[in-house]
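# Notes for the structure review
So the chains spell out like this:
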Amino acid sequence: MEREENREIEGDEWMKRDNKKSQTHGERDPAKDRTRDRRQAVGTVGATARGPRMALRTPSRAPLLLMGLLTTGLAQLPLSASAPRGFWALPENLTVVEGATAELQCGVHAPGSVVQWAKDGLLLGPDPRIPRFPRYRLEGDPSRGEFHLHIEACDLSDDAEYECQVGRSETGPELVSPRVILSVLVPPKVLQLTPEAGSTVTWVAGQEYVVTCVSGDAKPAPDITFFQSGQTVSDISANVNAGSQEKLFTTEATARVTPQSSDNGQLLVCEGSSPALDTPIRVSVTMNVLFPPGPPVIEWPGLDEGHVRAGQSLELLCVARGGNPPATLQWLKNGQPMSTAWGTEHAEAVARSMLVMVVRPEDHGARLSCEAHNSVSTGIQERGVTLQVTFPPSAITILGSASQSENKNVTLSCISKSSRPRVLLRWWLGWRQLVPTEEMVVDGLHGGHISMSNLTFLVRREDNGLTLTCEAFSEAFTKETFKKSLTLNVKYPAQKLWIEGPPEGQRLRAGTRVRLVCLAIGGNPEPSLTWLKDSRTVTEPRPPQEPRRVQLGSLEKSGSTFSRELILITGPSDNQAKFTCKAVPPTNVTILANATALRPGDALNLTCISVSSNPPVNLSWDKEGERLESVATPPRSAPFKGSAAARSVLLRMSSRDHGHRVTCQAHSPELRETMSAFYRLNVLYPPEFLGEQVLVVTAVEQGEALLPVSVSANPAPEAFNWTFRGYRLSPAGGPRHRILSGGALQLWNVTRADDGLYQLHCQNSEGTAETLVRLDVHYAPTIRALQDPTEVNIGGSVDIVCTVDANPILPEMFSWERLGEEEEDQSLDDMEKISKGSTGRLRIHHAKLAQAGAYQCIVDNGVAPPARGLVRLVVRFAPQVEHPTPLNKVAAAGDSTSSATLHCRARGVPNIVFTWAKNGVPLDLEDPRYTEHTYHQGGVHSSLLTIANVSAAQDYALFTCTATNPLGSDHTNIQLVSISRPDPPTGLKVVSMTPYSVGLEWKPGFDGGLPQKFQIRYEALGTPGFLYMDVLPPDATTFTLTGLQPSTRYRVWLLASNALGDSGLTDKGSQIPITTPGLDEPSGEPDYQLPTEQPVGPSGLPLLPVLFAVGGLLLLSNISCVGGFLWQRRLRRLAEGISEKTETGSEEDRVRNEYEDSRWTGDQDTRSSTVSTTDVEPYYHSMKNFSPQLPPTLEEMSYLRGFTHIEEENMAFPGHLYDEVERLYAPPGAWGPIYDEVPMGPSDPSWPEETYEDTRRIYDRVAGNLDPVETDSLPFELRGHLV
């Protein structure tokens, strides 16, 4: 049994050596192996020429094969020796989908032989469990010769050539099956669509667009098909490209798509199909297709399109269907906008606009049109209708005088206002129709016609008082009658005149009272009865001293009888006197008019008549004091031997004449008397807006507004109707408006939605009038569009556009601010400010990185509050990788159990893609040993590459991190080395100094992969011995050294140490000479000049440092016993914690820092360890393990006791000196957990030069720099001789 176990061990070792040898022979090309192996015969002895990878076929290895067969426990084939040796089941080519199970058949007749499989020439071994291939195993009954290769969860690494091999035995030579191919199909996991999948793209119908669809890695390359609204897109070009690793492919397909209106809201689908997929995978975008609307349609009420009646309220609906966005509609009359209000039904994509108007005669022939367009319309679509307006005459006018003496002719003219169609005129006198003497028609206004009819007829006494009517009629106005009437005034004398009194011839005594009565019947005008005595008019005596002998009565009327009595006391003068009574017309001034109801445009003929006067009078006309031109008629004889005069004036009426008085004056120069009569004009006219009517009213949002009305009309307006955007405001008022008694519109709590044109309709019996009053609502600005962020390439130009909604729009209402902590960051001197309308622009030329940041657009139009909007300016630039100095290193133990994290950090916009290479060869991130995590925070990007199971032979190399974006690329190198002593710190300098202390600052060096601490060593020149001071906290980079003496020269060293040792004193950058100032000298900036002479005076030892040194030695002596034990346990615990810190610490730092605000700093500490290089964000030192600073210890230097002068530069120290001093302190790590939880420091971004150190020399040097510590006392991970 012991021999068999040894054989089993030897067999396994042989298998390991064989596979290892096949690996160490270098990277072989599988394609060449397959080509070479296909040329070899199956089952021939000549297969031994296949080289070391086919070592099983070499005769010298037959004993090893036999031992391997015996030790692995594989059964000999239980077949008779006479059975033919060979395969009874051969493997066949097989295709499986990734993740499926595959089984390759192999059945043999080969008793006593070892059977195993080879994969691409690599022998898998006869063990049924197949070591190092956990998914592989041999299936079947070996006793029956079944050695089927079973592979679970196939992946791309299983895609290879396989053959079943039978080792030679005593019964025959080796056998090899034909090579078969196991093809593993990898389905595409994702499709990347440009534009982005799941988004909505806005396209214009009819334009061509390019859509790209790229598949993920797959095998074989997938087929890509595009579907536009369910229809296959034919114009597709596809390219097959290599995938992210060998044997994988990607397909990039480009489709040219021309969307149509029917595609709006539909999907554009990219479908990827592959034999590895049961169902294709699909991604899609939603098409928002912009297309113009359809032509507008006007819905005309009724059958006769365009035919309307004046005064009719016309409501027209314009409908435009389709369009994305829906149509914008407006109504125009003869090309001038009338209404711009419309509504939209988005669900049906229908736009509607209602036009409401009252038709007037002047609208005849007007063209009403509805226009429709949207943002993608190439032109304006229009539908129009021409109005054919039917309107009656607005008035009938009769010219001429209706007053005439009997048995004389009267001539009158009847004229109608313009009408469409023309009207016919007829005359009526009472109920008797008269025949006109002449008729004519002329063209009138608004396409109408004016009808005229002249009438001449003889008037008789019995016609007096009858109504003379001119009537207009037409078939178009059957339900309406248009008339003008006058009352005929026929003048005729009294019908009978007599006197009642004493009989004629009766004798009367003087002094007798006699009563005479004069009576008259009829007459037009009413007669005036006058008594005459011997042809002289009888009047009452005027002088009061004379006795009253005559009493003249007044004119009395009873029915149609007129009477006037005369009572006189007879006297001698009355003897044989003749008393006569006469009936004559009145002698006052009379005005005759040819019309009573007047309208603008009417002609008014006024005649002033003086019935009888002696001497003749002069007649004249004036209107409101303005003399009028008039026409006089020749004088005529009048009763009582008087003279009758007449003068006529013709006036053209207008609305301004309403209420004016036209006066006729009759003046007698001889009598120096003037008689007057006036005629008040009553002009009926529709409402007219006066010149002082306000057309624009300004209000502030949330305030009040009053839209006043200044209108004139006769009769007064009956109604005031206000309309806003096609909607009539209630005359009874509403929540935010009311209409005042004079028609003014009052609004309160106005909003910007109330801004616009308000249409006022005034109406009376004569017609209507309209005017537009604009309400201009001022409101505070609101930012509507501010592209955030605004991006620009470095060196390019860009506009930061700020669009606002505001009223009023002022030229200088835009201002800009740059938000920054520093005052110089807020300057905008190098930027151009542009303001146009509601858009303000901040134009940046030649953009610089310093200009990136937050900007504020401030808009102030005078209405509080101003609007403010923030926008970020993103300056796109090529990647800038942080280059640490010196060469960035990361240390890890190469024992195949530890892990290391490499941190690559870069700035750049847009996002950066990281790639890694090892020794110049691209890194295969599909290898499970490599894990990359990428983080993006603004313009700072990080890539963390974690290497698991670090192997010194494979992973100690130069790793290159390359950051790439569309604008360029940059890279940095990170060297993965073994853990070692820390590098010496650099840049040691003095930052402050006092007579008793000095402030120091430095840059840490590479920490060797272990937590490091710092120690200050210093000496006073001329004083023997060195003093040491530990820096706390351990990772501090600044320290104040105290306990110094004034006016003393010192030399200071800075040492770094970790668990493997210290950095040494060879680096000049870790030492510095200083001289403390005297007590009478001011403290301040350090003086770096060394003194040229030694200070004069005794150089005694300071008392205080000596006391501290003695106390420190006593303390260290007490803990020296424990030091050795702690030293061993400390190193073991440190080694065990390396891997754990790699996994936990780096992840915590990474998660914590990646989501904090990154800052770009000029100087950063360079540290590296088994965990990743941490970010530069600030952190707090934990104080839980803080230990007080140890006092400096005086180091005795016996060999210096006789020296009084010490060289300042390049001073050499005996090698044993430092070792002796080292032993005064506890061994590294004896201080316990003080240095365990020190956070790793950030990286230094400067990078002087790229250098690559050969890994073998690195390992040798690291091993050589180790402290002389017992090798066996260190953990395996820290021994340093892995290579």
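The structure reproduced in this document is the subject of the present report. Owing to the predicted nature of the structure, the values given are computational and were not obtained by experimental measurement.

A few words on the side chain of Ser451. The topology assignment puts Ser451 in strand β37 (residues 449-458). With a relative accessible area of 2%, Ser451 lands in the buried category. Among the polar contacts made by the side chain of Ser451, one reaches the main-chain carbonyl oxygen of Val423 at a distance of 2.6 Å. If sequence neighbours within four positions are ignored, Ser451 has contacts with Cys414, Ile415, Ser416, Arg422, Val423, Leu425, Met440 and Val441.

Another point: the packing of aromatic side chains. A full pass over the atoms with the stated rule returns seven aromatic pairs. Here the aromatic rings of Phe477 and Phe482 are separated by 5.9 Å at their centres, their planes lie at 90°, and the arrangement is edge-to-face. There is no split in this pair, since Phe477 and Phe482 are both buried. If you follow Lys496 out to its NZ or CZ, it ends over the ring of Trp498, 4.7 Å from the centre. Above the plane of the ring of Phe678 lies Arg661, whose end atom (NZ or CZ) is 4.5 Å from the centre.

The next point concerns the sheet that holds strand β3 (residues 102-104). Pairing in this open sheet of three strands is antiparallel, and the strands run β3-β8-β7 from one edge to the other. Looking at strand neighbours, the two that pair on one side only are β3 and β7 (136-139), the edges of this open sheet. On average, each strand axis in the sheet is tilted by 25° relative to the strand beside it, whichever way the strands run. Alignment of β3 against strand β8 (residues 148-151), held across three bridges, turns out to be antiparallel. Among the inter-strand pairings, Glu103 is bridged to a residue of β8, identified as His150.

Below, the discussion takes up the sheet that holds strand β29 (residues 381-386). The antiparallel open sheet is built from four strands, whose spatial order is β25-β24-β28-β29. Two strands bound the open sheet, and with one partner strand each, they are β25 (336-339) and β29. Taken over all neighbouring pairs, the strand axes of this sheet differ in orientation by 30° on average, direction set aside. Looking at chain direction, strand β28 (residues 367-373) and β29 are connected through six bridges and run antiparallel. What sits directly across from Arg367, in β29, is Thr386.

Okay, the state of the cysteines next. Applying the stated criterion to the full structure yields eight disulfides. The disulfide bridge from Cys518 ends at Cys581, spanning 1.5 Å between sulfur atoms. Because the sign of the S-S torsion sets the handedness, a value of about -80° for the bond joining Cys518 and Cys581 places this disulfide among the left-handed ones. Here Cys518, found in strand β42 (residues 513-521), pairs with Cys581, found in strand β48 (residues 579-584); they are 63 residues apart in sequence, far enough to count as distant. There is no split in this pair, since Cys518 and Cys581 are both buried. Note that Cys802 is cross-linked by a disulfide to Cys857, the S-S spacing being 2.3 Å. Looking along the S-S bond of the Cys802-Cys857 disulfide, the torsion reads about -85°, which is the left-handed sense. Placement of Cys802 in strand β69 (residues 798-807) and of Cys857 in strand β73 (residues 853-859) is noted, with a sequence separation of 55 residues between them.

So, on to the pairing of strand β39 (residues 482-487). The side-chain alternation of β39 yields one buried face, formed by Phe482, Lys484 and Leu486, and one unburied face, formed by Lys483, Ser485 and Thr487. As paired strands, strand β38 (residues 467-473) and β39 are joined by six bridges and run antiparallel to one another. What sits directly across from Glu471, in β39, is Lys483.

Counted by the stated rule, this structure contains 41 salt bridges. For Lys417, the salt bridge is made with Asp602, and the minimal N-O distance between the two is 3.2 Å. Here Lys417, found in the loop between β33 (409-416) and β34 (424-429), pairs with Asp602, found in the loop between β49 (589-593) and β50 (603-613); they are 185 residues apart in sequence, far enough to count as distant. As far as the burial class goes, Lys417 and Asp602 line up, both buried. Across the salt bridge formed by Arg736 and Asp754, the nearest N and O atoms sit 2.9 Å from each other. One end of the pair, Arg736, is in the loop between β63 (727-728) and β64 (737-739); the other, Asp754, is in the loop between β65 (745-748) and β66 (756-764), with 18 residues separating them in the sequence. One salt-bridge network, held together by shared partners, links Lys119, Arg135, Asp155 and Asp158.

What counts as what
Residues numbered from 1 in each chain as written. Predicted model: local features only at pLDDT ≥ 70, side-chain atom pairs only at ≥ 80, totals over all residues. Heavy atoms only, no water. Helix = DSSP H or I, 4+ residues; strand = E, 2+ residues; numbered from the N terminus. Buried < 20%, exposed > 50% of the residue type's maximum accessible area, 1.4 Å probe, protein only. Polar contact = N/O pair within 3.5 Å; in protein donor to acceptor, adjacent residues only side chain to side chain. Contact = heavy atoms within 4.5 Å. Phe/Tyr/Trp six-rings, centres within 6.5 Å; stacked < 30°, edge-to-face > 60°. Lys NZ or Arg CZ within 6 Å of the ring centre and 35° of its normal. Pairing = 2+ DSSP bridges. Axes fitted to C-alpha atoms, helices over the stretch in contact; angles between N-to-C directions. Disulfide = S-S within 2.5 Å. Salt bridge = Lys/Arg side-chain N within 4 Å of Asp/Glu carboxyl O.

By themselves these figures say nothing about function.
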